[in-house]
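Below, each chain spelled out in residue letters.
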Amino acid sequence: MTLPAGTYDLEVWGAQGGGAYSSTSYKSSGGKGGYSKGTITLQEDTLIYVYVGGQGSTNTSTSNLSGGFNGGGNGYYYGGAGGGGTDIRIGNNSLYSRVIVAGGGGGSYRYSSYNTGQGGYGGGATGGSGGMSSSYGYSYTATGGTQTAGGKNSAHTTANGSFGTAYQNVHMRSNRYA
């Protein structure tokens, strides 16, 4: 779409991450999407691109799920898929042309009363951390991403996010579109 010259208020919301459950007794919810707002002044008619993040799917089995549109991390093995980020791009259709971003929430994990996890919230400037704990005594914390970098996965260091890409994890993912 093309906007005429002028000053505009921008507001964007990222999509919620997907929930997970293995039965009606074991449910968890995905992290909420982030929020960002700002003002921009355009000196001339300007082409903009608006990408609205899709909600992450809820996982009820060991199946693989694709993440929400626009960067949501995939879900696997009772792990919900991450929500996609929402952004506005100015001038051309590139991640490097984004002027405002709200990250999607992380997918949750819930297999039993022994293993449970919550997806982190999506961020404006920085996403929130998610985590997984077990009554067997282990726990993991997945850190949220920032405007320029993906989040970090403490359980599987090879699955960290990067600029514009959420990270993936077999059991717990606090994805973050960066």
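Residues numbered from 1 in each chain as written. Predicted model: local features only at pLDDT ≥ 70, side-chain atom pairs only at ≥ 80, totals over all residues. Heavy atoms only, no water.

## Concerning the overall build of the protein
In terms of regular secondary structure, the protein is built from zero helices and 13 strands. For the protein, the sequential pattern of α-helices and β-strands runs β-β-β-β-β-β-β-β-β-β-β-β-β. Across the 178 residues of the protein, 48% fall into the buried class. Within the protein, contacts between residues separated by at least 24 positions form 57% of all contacts whose residues are at least 6 apart in sequence. A total of about 8100 Å² of accessible surface is found on the protein, and carbon and sulfur atoms cover 50% of it. (Helix = DSSP H or I, 4+ residues; strand = E, 2+ residues; numbered from the N terminus. Buried < 20%, exposed > 50% of the residue type's maximum accessible area, 1.4 Å probe, protein only. Contact = heavy atoms within 4.5 Å. Areas by Shrake-Rupley, 256 points an atom, 1.4 Å probe, with all protein chains shown as cover.)

## Description of the sheet that holds strand 8 (residues 98-102)
The strand order across the open sheet built from four strands is 1-6-7-8, with neighbouring strands paired in antiparallel fashion. The open sheet has two free edges, formed respectively by strand 1 (2-3) and strand 8, since each of these has just one partner strand. Sheet topology note: the strand 7 (residues 86-90)/strand 8 ladder contains four bridges and is antiparallel. In the sheet register, Ile88 faces strand 8, and the bridge partner there is Ile100. (Pairing = 2+ DSSP bridges.)

## Here's the deal with the side chain of Asn70
Tracing the sequence through the fold places Asn70 in the loop between strand 6 (46-51) and strand 7. At 2.8 Å, the side chain of Asn70 forms a polar contact with the backbone oxygen of Gly85. Separated by 3.1 Å, the side chains of Asn70 and Asp87 make a polar contact. (Polar contact = N/O pair within 3.5 Å; in protein donor to acceptor, adjacent residues only side chain to side chain.)

## Here we look at the environment of Gly67
Along the polypeptide, Gly67 turns up in the loop between strand 6 and strand 7. Taking the C-alpha atoms as reference, Gly67 lies 8.5 Å from Gly17; in sequence the two are 50 residues apart. Apart from residues no more than four positions distant in its own chain, Gly67 is found in contact with Gly72, Gly73, Asn74, Ala81 and Gly82.

## Examining the packing of aromatic side chains
Counted by the stated rule, this structure contains two aromatic pairs. Consider the rings of Trp13 and Tyr35, whose centres lie 5.1 Å apart with planes at 45°: the pair is tilted. In this pair, Trp13 is assigned in strand 2 (residues 6-13) and Tyr35 in strand 5 (residues 35-42), connecting sequence segments 22 residues apart. With 6.2 Å between their ring centres and 15° between their planes, Tyr51 and Phe69 make a pair best called stacked. Highlighted residues: Tyr51 in strand 6 and Phe69 in the loop between strand 6 and strand 7, separated in sequence by 18 residues. Above the ring of Tyr51, the side-chain terminus of Arg89 is found at 4.0 Å from the ring centroid. (Phe/Tyr/Trp six-rings, centres within 6.5 Å; stacked < 30°, edge-to-face > 60°. Lys NZ or Arg CZ within 6 Å of the ring centre and 35° of its normal.)

## A short note on the environment of Gly122
Along the chain, Gly122 falls in the loop between strand 10 (115-118) and strand 11 (130-134). The sequence separation of Gly122 and Gly103 amounts to 19 residues, and the corresponding C-alpha distance is 4.3 Å. Those residues in contact with Gly122, other than ones at most four positions away along the chain, are Lys32, Gly33, Gly34, Gly103, Gly104, Gly105 and Gly127.

## Let's talk about the side chain of Ser108
Here Ser108 lies in the loop between strand 8 and strand 9 (109-110). A distance of 3.3 Å separates a polar atom in the side chain of Ser108 from the backbone nitrogen of Ala20.

## Here's the deal with the confidence of the model for the protein
Residue-level pLDDT values for the protein average 77, and 68% of them are 70 or greater. Counting contacts from residues 169-178, a segment whose pLDDT is below 50, to residues more than four positions away or on other chains yields 86 contacts. (pLDDT = per-residue confidence, 0-100.)

## Details of a nonpolar patch on the surface
On the surface, Met1, Val50 and Val52 cluster together to form a nonpolar patch covering roughly 300 Å² of accessible area. Note on placement: Met1 falls in the segment before strand 1. Under the relative-accessibility criterion, Met1 is labelled exposed at 60%. (Patch = residues over 30% accessible without salt bridge, like charges linked within 9 Å, V, L, I, M, F, W, Y side chains within 5 Å. Salt bridge = Lys/Arg side-chain N within 4 Å of Asp/Glu carboxyl O.)

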